[in-house]
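One-letter residues, chain by chain:
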Amino acid sequence: MAATVRTKIAIPAKAVAALLVAAAPHAAFPAQPVNGKPPLDSNKPGAAIVDSDIRQEEALSKTEAGKVITAIDRTRDNIGTVRKTTKLDTVDIVFLTDAARSEGGPPPVIEDKVEQHKDDVAELRQEIEANALLFNAIDSRRVLAEDVLAVEFDNPGKIVIYAAAKPPK
């Protein structure tokens, strides 16, 4: 009778765990409310993340040009405020619908001001993308950071974001 040779192979526990995770079907677990806040898969995920009242309005750039130009002139000062912002009561997004790319972009008076402050506007957009609160606020309304022309801190707890974009349908 032939002798059977048995060998033991040691498999590290981490390898077994990795195989199980990779082999398991990806189950979607429903998000649970945290501290009474709705889960992220609710109909307003931006509001859940931002924890602020996000409002939007549509305007024409020619009627808002003065406010937008003033806000662009203050961009250097507002960059630091954007960087430090962690809580807001209200986020107002003003859609300058006639300044959207599909409409040819901002009118010359605003475009010239953006060009004059192009480095500051670029830095402002980077700070908005880096700020979870502001990024999620604009993202919840389908605004790209590159469409933000300026921001204005109206009073403590409130920001107005001017965007050369059309609101989502």
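If you're wondering where the values come from, they're calculated on a predicted model, not measured in any experiment.

Asks: So what's going on with the packing of helix α6 (residues 118-130) against helix α7 (residues 132-139)? Residues and values would help.
Replies: At a minimum axis distance of 5 Å, the contact between α6 and α7 shows a crossing angle of 95 degrees. In terms of axis orientation, α6 runs roughly perpendicular to α7. Here I128, E129 and A130 of α6 come into contact with α7, specifically with A132, L134, F135 and I138. For the contact of α6 with α7, the residue count by class is six nonpolar, no polar and one charged.

Asks: How would you summarise the pattern of salt bridges if you had to cite specific residues and measurements?
Replies: Counted under the stated rule, the structure contains 14 salt bridges. Between D92 and R55 there is a salt bridge, and its shortest N-O distance comes to 2.7 Å. Remark: R55 occurs in strand β1 (residues 53-59) and D92 occurs in strand β2 (residues 90-96); sequence separation between them is 37 residues. Between D92 and K158 there is a salt bridge, with the nearest N and O atoms lying 3.2 Å from each other. Taken together, the residues span a long stretch of sequence, with D92 in strand β2 and K158 in strand β4 (residues 158-163) at a distance of 66 residues.

Conventions and cut-offs
- Residues numbered from 1 in each chain as written.
- Predicted model: local features only at pLDDT ≥ 70, side-chain atom pairs only at ≥ 80, totals over all residues.
- Heavy atoms only, no water.
- Axes fitted to C-alpha atoms, helices over the stretch in contact; angles between N-to-C directions.
- Helix = DSSP H or I, 4+ residues; strand = E, 2+ residues; numbered from the N terminus.
- Parallel < 35°, antiparallel > 145°, perpendicular 65-115°, else oblique.
- Contact = heavy atoms within 4.5 Å.
- Nonpolar A, V, L, I, M, F, W, Y, C, P; charged D, E, K, R; others polar.
- Salt bridge = Lys/Arg side-chain N within 4 Å of Asp/Glu carboxyl O.

So yeah, pure geometry; function would need other evidence.
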